[in-house]
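Chain residues, written in single-letter form:
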Amino acid sequence: GATLADSHDDFLHCLSLHSADSASISKVIFTQSNSSYLPILDVSIQNLRVSTSATPKPFVIVTPLQTSHIQTTIYCSKTHKLEIRIRSGGHDFEGLSYVSEVPFIILDLVNFRSIEVDTKNKVAWVESGATIGELYYRIVEKSKTLAFPAGVCHTIGVGGHFSGGGYGILMRKYGLAADHVIDAHLIDVNGRILDRKSMGEDLFWAIRGGGGNTFGVVLAWKVKLVPVPQVVTVFTVNKTLEQNATKILHRWQHIGHKLPDDLFTDVTITKVNSSQVGKKTIQAAFKALYLGGIDELIPLIQDRFPELGLVKQDCIEMSWVESVLYFGGVSRERLDILLDRNALPKQTFKAKSDYVKEPIPESGLEGIWEKFFEKEAEIAFMMMVAFGGKMDEIPEAALPYPHRAGNLYQASYLVAWSKEENAESQKYISWIRRLYSYMTTYVSKSPREAYFNYRDLDIGTNNVGYTSYAQASIWGLKYFKNNFNRLVHVKTMVDPENFFKNEQSIPPLSSSP
Ligand code: FDA
């Protein structure tokens, strides 16, 4: 209506009026009438489920080139009561970086992506709009024995990933991406540019895992790099039900978290067509990264996990960065694929996560297989990632991410379907909810924990437009356990009016119920 169009114009007018250099800001504002609007909106969206014609679209997309553009955008959004969605890599499972039910704009940090690697001091500054693949590439360009412990999918954005934790194949050795952040630059609700010193330790704690779009716009992160050997070893061993998958997986649950820190393992469960048995079966793919050579790995597995039947032919030696591509299922031929932000196919999916503290009995695993045998689950997997190692040593309150000691593994579930099938999406979503419901008996309780970066709006959301501590605790305690209260305290200090918000942002205490 007229009022919306007016406020839209007022907002644009505000941007040019309050910009130090209105010519420069006009180049980074994309309205719906601009032919670049849709390509810019769509480019980093990973989950096509939240990118349909019915999905609400932003008034404007701003792709700032300098900090003043961000300051002006915050100021004008506040003045004209538009919600801001901050986007870095666009990988949010529920699309919260680019979708909102209320009038909103997107602040897209795609141009904030410089990376400076200092191998002498083993640190790097990386801007939020860079991908983790770009960070990895810039590290290995300078050093073959330095690495960074973050995710496997290289197109993930640094901004969302670091602000929600960020785990990957170096987690058992070094912990999370957030555990390695030593400084950051942030623009707060008042447009102030803060660093670790000026933001103070509470806010600096909160942005390392407490979630993006709550405390301000994180511009850049200073991270500590970690040492890795020049040669690492990976393997994948597939076992079907006919090859004893249930027993071997049952055994893995007892040992995955106790293996040496240098050995990371995960297991992916899928339903496959087995030519051997001529029918559908369940396959457990056991994957590993060992920070050392084959000759040490084989005897280690034979001693600790002989049930797997690992042989030398299963193992491949490579560099650490190649192992990231191996785990990501990407060709290792050209490392510059790490710079390709569109290297991975987009999917239409729904995912959920859990933490497992007691081994699931074989009968319990068989119940999972039954869920996979249900017709709906054509494209579906469950992934189990062994914890332990460094994760056991970091106290629960060190950072907002609380899932540390006591977890055998993280479980996650994903179901995907083709975009054409979107009309039937509910069928797939109900399937994953049934699987999640079945898992209740076997996973963490009170609260049933979930990984913030595997965003899941099923576990609870804020109300649209306002929220309360009680409402937010429903999802907040699951993601953050007791750290939730400290996050609320920080939010109350730095953004008492709750300007930066989304369906799962931390509310300030003052919010009216
Ligand atoms: P996106 O831009 O969508 O932002 C996510 C959230 O952070 C939004 O709420 C957004 O507003 C906010 N935000 C983003 N930038 C911000 C900034 N600069 N300042 C303040 N707030 C900001 N995770 C993991 O730990 N290990 C893994 O291996 C994987 N693998 C993986 C594979 C695939 C295919 C997907 C789609 C996702 C993963 N993830 C993952 C999950 C991933 O860590 C999570 O989605 C991150 O939040 C993505 O960060 P982006 O910047 O890409 O997201």
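Residue numbers restart at each chain and count upward from 1, following the sequence in its written direction. Reporting in this predicted model follows two pLDDT cut-offs: at least 70 for local features of residues, and 80 or more for side-chain atom pairs to be given and counted; totals over whole chains, interfaces and linings ignore these cut-offs and use all residues. The side-chain figures draw on all heavy atoms in the structure; neither hydrogens nor water molecules are used.

## Notes on the pairing of strand E12 (residues 232–240)
Reasoning step 1: Each residue's exposure class comes from its accessible area (1.4 Å probe, protein chains only) as a fraction of the maximum for that residue type: buried when under 20%, exposed when over 50%, partly exposed otherwise. Helix and strand assignments come from DSSP, with helices taken as H or I runs of at least 4 residues and strands as E runs of at least 2, each series counted from the N terminus. Where burial is concerned, most of E12 is hidden: seven out of the nine residues are buried.
Reasoning step 2: Note on pairing: two strands pair once DSSP finds at least 2 bridges between them. Bridge count between E12 and strand E15 (residues 315–318): four bridges; the pairing is antiparallel. The residue bridging valine 232 from the neighbouring strand is methionine 318, located in E15.
Reasoning step 3: In the sheet, E12 pairs with strand E14 (residues 279–290) via eight bridges, with the strands oriented antiparallel. Looking at E14, one finds that threonine 236 is bridged to lysine 287.

## Here's the deal with the packing of helix H15 (residues 469–480) against helix H16 (residues 483–494)
Reasoning step 1: Convention adopted: a line fitted to C-alpha atoms gives each axis, helices being fitted over their contacting stretch, and angles between N-to-C directions are expressed from 0 to 180 degrees. Two elements in contact, H15 and H16, have axes whose closest approach is 8 Å; the angle formed by their N-to-C orientations is 125°. By the angle between their axes, H15 is oblique relative to H16. Viewed along their axes, H15 and H16 form a crossing whose handedness is right-handed. Contacts between H15 and H16 pair Tyr469, Ala472, Ser473, Gly476, Leu477 and Phe480 from the former with Asn483, Phe484, Asn485, Leu487 and Val488 from the latter.
Reasoning step 2: For this classification, the nonpolar set comprises Ala, Val, Leu, Ile, Met, Phe, Trp, Tyr, Cys and Pro, the charged set comprises Asp, Glu, Lys and Arg, and every other residue, Gly included, is treated as polar. Here the residues of the contact of H15 with H16 sort into seven nonpolar, four polar and no charged. Under this scheme an angle from 65 to 115 degrees is roughly perpendicular, one under 35 degrees roughly parallel, and one over 145 degrees roughly antiparallel; angles in between are oblique. Left-handed describes a crossing whose near helix is turned anticlockwise from the far helix through less than a right angle; right-handed describes the clockwise counterpart. The contact definition used throughout considers only heavy atoms, calling two residues in contact when any of these lie within 4.5 Å.

## Quick look at the sheet that holds strand E8 (residues 181–187)
Hydrogen bonds along the backbone pair up the strands of a sheet, which may run parallel or antiparallel.
Reasoning step 1: Spatial ordering of the open sheet is given by E5-E6-E10-E8-E9, a layout of five strands whose pairing is antiparallel. Both edges of this open sheet fall to strand E5 (115–118) and strand E9 (193–194), since each of them pairs with a single strand only.
Reasoning step 2: Relative to E9, E8 runs antiparallel, the two sharing two bridges. Opposite isoleucine 187, over in E9, you have isoleucine 193 as the bridge partner.
Reasoning step 3: On top of the sheet, helix H8 (residues 196–207) reaches E8, E9 and strand E10 (217–224); it is set at about 105° to E8, its chief contact.

## Here's the deal with the environment of lysine 491
Reasoning step 1: Structurally, lysine 491 can be placed in helix H16.
Reasoning step 2: The buried category is assigned to lysine 491, whose relative accessible area is 0%.
Reasoning step 3: In the structure, lysine 491 is positioned 29 residues away from asparagine 462 in sequence and 15 Å away in space, judged by C-alpha atoms.
Reasoning step 4: Apart from residues no more than four positions distant in its own chain, lysine 491 is found in contact with Thr214, Phe215, Pro496, Asn498, Phe500, Ile506, Pro507 and Pro508.

## Side note on the state of the cysteines
Reasoning step 1: By definition, disulfides here are pairs of cysteine sulfur atoms that lie within 2.5 Å. Enumeration according to the criterion identifies one disulfide in this entry.
Reasoning step 2: Sulfur-sulfur distance for the disulfide between cysteine 14 and cysteine 76 comes to 2.1 Å. Residues cysteine 14 and cysteine 76 share a disulfide whose torsion about the S-S bond is about -85°; that sign makes it left-handed. One end of the pair, cysteine 14, is in helix H1 (residues 2–17); the other, cysteine 76, is in helix H4 (residues 67–79), and 62 residues separate them in sequence. Comparing cysteine 14 with cysteine 76 shows no difference in burial state: the two are buried.

## Points about the site of the ligand
Reasoning step 1: If a single non-hydrogen atom of a residue is within 4 Å of a molecule or strand, that residue counts as near it. Around the ligand there are 31 residues in total, and Ile86, Ser88, Ser97, Asn213 and Tyr451 lie nearest to it.
Reasoning step 2: For this analysis, a polar contact is any N or O atom pair within 3.5 Å, provided that within protein one partner can donate a hydrogen and the other can accept it, and provided that sequence-adjacent residues contribute only side-chain to side-chain pairs. Histidine 161 places a side-chain nitrogen or oxygen 2.8 Å from an oxygen atom of the ligand.
Reasoning step 3: One of the backbone N or O atoms of tyrosine 167 is found 2.8 Å from a nitrogen atom in the ligand.
Reasoning step 4: Per-residue accessibility takes into account occlusion by the displayed protein chains alone, with areas from the Shrake-Rupley method and a 1.4 Å probe. Across the complex, the protein chains shield 93% of the 960 Å² of accessible surface that the ligand would expose by itself.
Reasoning step 5: Contributing elements (two or more residues each) for the shell around the ligand: strand E3 (83–87), helix H6 (158–163) and E10.
Reasoning step 6: Among the residues making up the shell around the ligand, the classes are represented as eleven nonpolar, 17 polar and three charged.

## A word on the UniProt feature "domain: FAD-binding PCMH-type" (unreviewed entry) in the protein
Reasoning step 1: The UniProt record marks residues 54–228 with the feature "domain: FAD-binding PCMH-type" (unreviewed entry), using the residue numbering of this structure.
Reasoning step 2: Across residues 54–228, helical content stands at 26% and strand content at 25%; the span's end C-alpha atoms are separated by 47 Å. UniProt positions are given in the numbering used here, feature names are shortened, and annotations may be inferred rather than shown by experiment.

## What to know about the nonpolar core
Soluble globular proteins tend to pack their nonpolar side chains together in the buried interior.
Reasoning step 1: We call a set of buried Ala, Val, Leu, Ile, Met, Phe, Trp, Tyr and Cys residues a nonpolar core when their side-chain atoms join them within 4.5 Å. If you look at the biggest cluster of nonpolar residues, it comprises 134 residues, and the most contacted ones within it are Phe148, Phe162, Ile269 and Trp320.
Reasoning step 2: Within the second largest apolar cluster, 26 residues are counted, among which are Val28, Ile70, Ile86 and Leu109.

## Section: helix H12 (residues 362–373)
Reasoning step 1: Here the expected length of a helix is defined as 1.5 Å per residue gap, with one fewer gap than residues. Helix length check: H12, at twelve residues, gives a terminal C-alpha distance of 17 Å against a target of 16 Å (1.5 Å per residue), a fit within 8%.
Reasoning step 2: When we look at burial in H12, the residues that qualify are Gly364, Leu365, Gly367, Ile368, Trp369, Lys371 and Phe372.
Reasoning step 3: Looking at the buried positions of H12, the neighbouring elements they touch are helix H9 (245–255), strand E13 (263–274), E14, strand E17 (380–386) and helix H14 (425–439).

## Some words on the pattern of salt bridges
Reasoning step 1: For this analysis, a salt bridge means a side-chain nitrogen from Lys or Arg found within 4 Å of a carboxyl oxygen belonging to Asp or Glu. A complete count under the given rule lists 32 salt bridges for this structure.
Reasoning step 2: Taking the shortest distance from any N to any O, the salt bridge between aspartate 92 and arginine 455 comes out at 2.9 Å. Taken together, the residues span a long stretch of sequence, with aspartate 92 in the loop between E3 and strand E4 (104–108) and arginine 455 in the loop between H14 and H15 at a distance of 363 residues. Judged on exposure class, the residue aspartate 92 and its partner arginine 455 are both buried.
Reasoning step 3: Measuring nitrogen to oxygen at the nearest pair gives 3.9 Å for the salt bridge that ties lysine 371 to glutamate 374.
Reasoning step 4: What emerges from the salt-bridge pattern is a single network uniting Arg49, Glu94, Lys350, Lys352, Arg433, Asp456 and Asp458.

## Thoughts on the side chain of threonine 467
Reasoning step 1: Counting through the fold element by element, threonine 467 comes out in the loop between H14 and H15.
Reasoning step 2: Polar contacts involving the side chain of threonine 467 include one to the side chain of asparagine 462, which spans 3.3 Å.

## With respect to the packing of H12 against H14
Reasoning step 1: The interhelical angle for the contact between H12 and H14, taken along N-to-C directions, is 170°, at an axis separation of 10 Å. The angle between the axes of H12 and H14 places the two elements in the roughly antiparallel class. Across from Ser363, Gly364, Gly367, Ile368, Lys371 and Phe372 in H12, the residues of H14 making contact are Trp431, Arg434, Leu435, Tyr438 and Met439.
Reasoning step 2: Taken together, the residues of the contact of H12 with H14 sort by class into six nonpolar, three polar and two charged.

## Comments concerning the pairing of E4
Reasoning step 1: Among the five residues in E4, five count as buried, and that is most of the element.
Reasoning step 2: Alternating positions in E4 separate into two faces, Phe104, Ile106 and Asp108 on one and Ile105 and Leu107 on the other, with burial throughout.
Reasoning step 3: One ladder, built from two bridges, connects strand E2 (residues 60–62) with E4; its direction is parallel. Pairing of valine 62 across the sheet is with leucine 107, part of E4.
Reasoning step 4: One ladder, built from five bridges, connects E3 with E4; its direction is parallel.

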